[in-house]
Amino acid sequence: MNLMNSLLGKRISVMISGTSQPLEGVLIEIGQDIIVIKNQENYFYLPKAHIKLIRDDVEALPELHDNLPLTLPLSTASSGAPLSLQSIIENAKGSFTEIYVLGVHSLYGYIQNILSDYLVFFSPVFGTILVHLKHLKYLHPYPAEIAPYALKPEALQTNQAAISPEHTFIQQLKKMEGHFIMLDLADQSHKVGLLKTVQAPMIELVSSNGESIFSMIEHIQTLTTPKN
């Protein structure tokens, strides 16, 4: 990705897999497996694996080139660790954050736990969501003074459900055999049902009409369970 170095400090337009509109901003950092763009006061951390194309936005207004930060909000410079998706996720834990995984809407909430290949994300709207890390398209942390949904922090903490996650996504799926689940926020009707069997690389989901549906685990982006 050395070609990206020529774009540092420039406004760019980035098309990410799964989206219909590009993200725009100034490219301010290139890490091991992510890039960082700044749009006004917002910082977006984008895994390189999901970048489809980048355009040098030569027609953009120059306003975003001013006042570039010396230190990123989620910088790892003080620890000497290189900038990576893992380090950024670790630093974002506990902060109100926007993440994009699939569909037309982002998810807003808090990273509760980080496992080997997935994270536990709490959304005030959807509850606890397991996010398969390979499908995380971008991460956008909010400043500490931002109050999500005009709620007080203690109200959000009260609503967060404590779960005991397994080390890997497949292990967690195996633990949920016999439970009702919803895959990918139920963007399609066949992604809701009873998880009958987990046998890598596939799962068997039984729909409401008794039909067995088999899905490849690597394509599962998010997983949620009904609220108790």
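Just above, that's the structure.
The notes below deal with the structure included here. A quick note: this is a predicted structure, and the numbers were derived from the prediction, not measured. In this convention, every chain numbers its residues from 1, walking through the sequence in written order. Given that this is a predicted model, residues contribute local features only at a pLDDT of at least 70 and side-chain atom pairs are listed and counted only at 80 or more, while totals for whole chains, interfaces and linings are drawn from all residues. Heavy atoms throughout the structure, all of them, feed into the side-chain values; hydrogens and water do not.

### Concerning the overall build of the protein
Numbering of helices and strands starts at the N terminus; helices are DSSP runs of H or I of at least 4 residues and strands are runs of E of at least 2. Looking only at helices and strands, the protein features three helices and 15 strands. Exposure is judged per residue with a 1.4 Å probe applied to protein chains only, and the accessible area is read against the type maximum: over 50% gives exposed, under 20% gives buried, and values in between give partly exposed. Out of the 228 residues belonging to the protein, those deemed buried represent 44%. In this description, contact between two residues means that some pair of their heavy atoms is separated by no more than 4.5 Å. The contacts in the protein between residues at least 6 apart in sequence include a share of 53% that link residues at least 24 apart.

### A closer look at the nonpolar core
Among the nonpolar cores identified, the biggest contains 24 residues, and Ile89, Ile99 and Leu139 are the most heavily contacted of them. Those elements that provide at least two residues to this core are strand S2 (23–30), strand S3 (34–39), strand S4 (42–47), helix H1 (85–92), strand S7 (107–114), strand S8 (118–123) and strand S9 (127–132). Among the elements that make up this core, the one with the highest residue count is H1 (four residues). Not counting chain neighbours up to four residues away, the residues in contact with Ile99 comprise Ser106, Leu107, Phe121, Val131, Leu136, Tyr138 and Leu139. By size, the runner-up hydrophobic cluster in this structure holds 16 residues, among which are Phe169, Ile181, Leu205 and Ile217. For our purposes a nonpolar core is just a set of buried Ala, Val, Leu, Ile, Met, Phe, Trp, Tyr and Cys residues, chained together by side-chain atoms within 4.5 Å.

### Brief notes about a nonpolar patch on the surface
Together, Val125, Phe126, Tyr149 and Leu151 make up an exposed nonpolar region whose accessible area comes to about 360 Å². Along the chain, Leu151 turns up in the loop between strand S10 (138–141) and helix H2 (153–159). For Leu151, a relative accessible area of 33% gives the class partly exposed. The patch calculation keeps residues exceeding 30% relative accessible area without a salt bridge and links them within 9 Å when they carry like charges or within 5 Å when they are nonpolar (Val, Leu, Ile, Met, Phe, Trp, Tyr). All accessible areas in this document rest on Shrake-Rupley with a 1.4 Å probe, and a residue is counted as covered only by the protein chains that are shown. Within this document, salt bridges are pairs made up of a side-chain nitrogen of Lys or Arg and a carboxyl oxygen of Asp or Glu, the two lying within 4 Å of each other.

### What about unusual backbone geometry?
Ala200 connects to Pro201 through a cis peptide bond whose omega is 10°. Positionally, Pro201 belongs in the loop between strand S12 (192–199) and strand S13 (202–206). With a phi angle near 55°, Gln40 is a residue other than glycine that sits in the positive phi range. Relative to the helices and strands, Gln40 resides in the loop between S3 and S4.

### Examining the side chain of His140
Topologically, His140 is positioned in strand S10. Looking at His140, its side chain comes within polar contact range of the side chain of Asn42, at 3.3 Å. We call two N or O atoms a polar contact when they sit within 3.5 Å, provided that within protein one can donate a hydrogen and the other can accept it, with sequence-adjacent residues counted only if both atoms are side-chain atoms.

### Describing the pairing of S8
Most of S8 is tucked away: six of the six residues are buried. Every second residue of S8 is oriented toward a common face, with Tyr118, Val120 and Phe122 on one face and Leu119, Phe121 and Ser123 on the other, all of them buried. Strand pairing is assigned whenever DSSP detects at least two bridges linking the two strands. Inspection of the sheet shows S7 paired to S8 by four bridges, in the antiparallel sense. Pairing of Ile111 across the sheet is with Phe121, part of S8. Joining the antiparallel neighbours S7 and S8 is a turn of three residues. In this structure, S8 lies alongside S9, joined through six bridges in antiparallel fashion.

### Digging into the pattern of salt bridges
Taken as a whole, this structure holds seven salt bridges when the rule is applied. Its salt-bridge partner being Lys175, residue Glu166 comes within 3.6 Å of it at the nearest N-O pair. The closest approach of N and O atoms between Asp184 and Lys191, which form a salt bridge, is 2.7 Å. Asp184 gets classed as buried once you look at its relative accessible area, which sits at 3%. Overlapping salt bridges bring together Asp184, Asp187 and Lys191 as one network.

### Concerning the packing of aromatic side chains
Each Phe, Tyr or Trp ring (for Trp, its six-membered ring) is paired with any other whose centre lies within 6.5 Å, and the angle between the two planes then decides the class: stacked below 30 degrees, edge-to-face above 60, tilted in between. Tallied over the entire structure, the rule returns seven aromatic pairs. With a centroid separation of 5.1 Å and 35° between ring planes, the pair formed by Phe96 and Tyr142 is classed as tilted. One end of the pair, Phe96, is in strand S6 (residues 96–100); the other, Tyr142, is in the loop between S10 and H2, and 46 residues separate them in sequence. Exposure remark for Phe96: the relative accessible area of 10% places this residue in the buried category. In this structure an aromatic cluster arises from ring pairing among Phe96, Tyr108, Tyr110 and Tyr142.

Honestly, that's just the spatial picture; any functional story needs more than this.
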